[in-house]
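Fold and geometry: a report
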Amino acid sequence: MIKQMVTSAVIAGFAAGLLAALLHFAFVQKYILLGEEYESGALVHFGASGTRMSHDQTTPNPAPAAQPDAIAETGDHAADGHHHEAAETEPATRNLLTSLFFGLIYVAYALILVAGFNLASSLGKTITLRIGLLWGLAGYAAFQLAPALGLPPELPGTMAADVHERQIWWLGTALATGGGLALVAYGRGAVAIGAGIALLAAPHVIGAPELDGYFGVAPPEVASIFAARTLGIGLIVWAFLGGLAGHLWSAKQ
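Let me begin by describing the structure that accompanies this report. Bear in mind that the values here come from a model prediction, so they are computed numbers and not experimental data.

A few words now on a nonpolar patch on the surface. A cluster of nonpolar side chains, contributed by Ile-2, Val-6, Val-10, Phe-14, Leu-97, Leu-100, Leu-104 and Leu-111, occupies part of the molecular surface with about 710 Å² of accessible area. If you list the elements that add at least two residues to the nonpolar patch, you get helix H1 (2-27) and helix H4 (91-122). Tracing the backbone through its elements, the reader meets Val-6 in helix H1. The class of Val-6 is partly exposed, set by a relative accessible area of 40%.

Right, dumping it as structure tokens:
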């Protein structure tokens, strides 16, 4: 049984990690790179002035000539040249590490899923591709969607509350959401369902850590599309992970 769990988790996790990496490179990474430009001070955004980037471009376009002060660059040309030269040799290593990270994190998520499959199976529940898909959606809700209600995906160049406070709230939200969904789905009676709903609501009643003010250097337009795409990709990948893990589990029964 342990071998079956680990094998299913590794296959499903790395497949989901590969899908996540491909979607990340296609739809998200260019906004992270742009956010890093603002974070480093290479680009500066002031209100309506700033950098504009078309949907089909990976590098920013300066604003029209009528707004010559729209982009502020820091450092002399020699420093900028050194920065760009270093950046040219970095992408391959960065992309490799990003892909490896996605693979490892989704293997970890898959292990959590198949452990849940094992528990459900021991209670007489049948795990199929469809049930695995639903479990995947529940995992997405617990690990991404519910925490994002208080702590949206963070673009480089945006400010956030204390990291330890955010980690505690994220973990508590993930556990409460997972437990709440389990009670709603498998609980018996109104008391169990009511307790599940209370668990789902509790982290948001308590509230996520907040800043006293907002002073990020990245444009909010970039931060919003980054958050939206991150959550959208998460939904796709979690559904794929759950469905594949459920299929592999049922095939070995």
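After that view of the structure, there is still more to cover.
Here we take up the pattern of salt bridges. According to the stated counting rule, one finds 2 salt bridges in the structure shown. A salt bridge links Arg-94 to Glu-36, with the nearest nitrogen and oxygen atoms 2.9 Å apart. Taken together, the positions of Arg-94 in helix H4 and Glu-36 in helix H2 (residues 29-40) put the pair 58 residues apart, joining distant regions of the chain. Classification of Arg-94 as partly exposed rests on a relative accessible area of 23%. One salt bridge connects Arg-166 with Glu-154, and the closest N-O pair in it is separated by 3.0 Å. Taken together, the residues Arg-166 in helix H6 (residues 163-186) and Glu-154 in the loop between helix H5 (129-148) and H6 connect sequence positions 12 residues apart. Since its relative accessible area comes to 40%, Glu-154 is described here as partly exposed.

Taking 1.5 Å as the rise per residue, helix H7 (residues 190-206) with 17 residues should run 24 Å; its terminal C-alpha atoms sit 24 Å apart, in good agreement. The sharpest bend along H7 reaches about 30° and sits at Leu-200, with the proline Pro-203 one to four residues further on. Among the residues of H7, those classed as buried are Ala-192, Gly-196 and Pro-203. Its buried side turned inward, H7 meets H6. Immediately beyond the C-terminal end of H7, within one or two residues, lies Gly-207, with a positive phi of roughly 95°.

Next up on the list: the environment of Thr-7. Tracing the sequence through the fold places Thr-7 in helix H1. The sequence separation of Thr-7 and Leu-111 amounts to 104 residues, and the corresponding C-alpha distance is 9.4 Å.

Turning to the nonpolar core, a few remarks are in order. A general tendency of soluble globular proteins is for nonpolar side chains to be buried together. Among the nonpolar cores identified, the biggest contains 39 residues, and Tyr-106, Val-114, Phe-117, Val-237, Trp-238 and Leu-241 are the most heavily contacted of them. Looking at this core, the elements that each hand over two or more residues are H1, H2, H4, H5 and helix H8 (220-251). Of all the elements, H8 adds the most residues to this core, at 10 residues. Residues within four places of Tyr-106 in sequence aside, it is in contact with Gly-13, Ala-16, Gly-17, Ala-20, Gln-144, Val-237, Trp-238 and Leu-241.

Bringing the environment of Ala-142 into the picture now. Position of Ala-142 among the secondary structure elements: in helix H5. With a relative accessible area of 4%, Ala-142 lands in the buried category. Beyond its immediate sequence surroundings of up to four residues, Ala-142 is in contact with Pro-147, Thr-173, Ala-174, Thr-177 and Gly-178.

So, about the packing of aromatic side chains. Evaluated as defined, the whole model comprises 10 aromatic pairs. Considering the side-chain rings of Phe-143 and Trp-170, the 6.0 Å spacing of their centres and the 40° angle between planes classify their relative orientation as tilted. Here the residue Phe-143 occupies a position in helix H5, and Trp-170 occupies one in helix H6, the gap between them amounting to 27 residues. Trp-170 sits in the partly exposed class, given a relative accessible area of 31%. A centroid spacing of 5.7 Å and a plane angle of 0° characterise the contact between Phe-143 and Trp-238, whose relative ring orientation is stacked. Remark: Trp-238 occurs in helix H8 and Phe-143 occurs in helix H5; sequence separation between them is 95 residues. Residue Trp-238 is classed as buried on the basis of its relative accessible area, which comes to 1%. One aromatic cluster is present, formed by Tyr-106, Tyr-109, Phe-143, Trp-170 and Trp-238 through successive ring pairs.

The rules behind the values
- Residues numbered from 1 in each chain as written.
- Predicted model: local features only at pLDDT ≥ 70, side-chain atom pairs only at ≥ 80, totals over all residues.
- Heavy atoms only, no water.
- Patch = residues over 30% accessible without salt bridge, like charges linked within 9 Å, V, L, I, M, F, W, Y side chains within 5 Å.
- Areas by Shrake-Rupley, 256 points an atom, 1.4 Å probe, with all protein chains shown as cover.
- Salt bridge = Lys/Arg side-chain N within 4 Å of Asp/Glu carboxyl O.
- Helix = DSSP H or I, 4+ residues; strand = E, 2+ residues; numbered from the N terminus.
- Buried < 20%, exposed > 50% of the residue type's maximum accessible area, 1.4 Å probe, protein only.
- Expected span 1.5 Å × (residues − 1).
- Bend = angle between axes of the 7 residues up to and from the residue.
- Contact = heavy atoms within 4.5 Å.
- Core = buried A, V, L, I, M, F, W, Y, C linked by side-chain atoms within 4.5 Å.
- Phe/Tyr/Trp six-rings, centres within 6.5 Å; stacked < 30°, edge-to-face > 60°.

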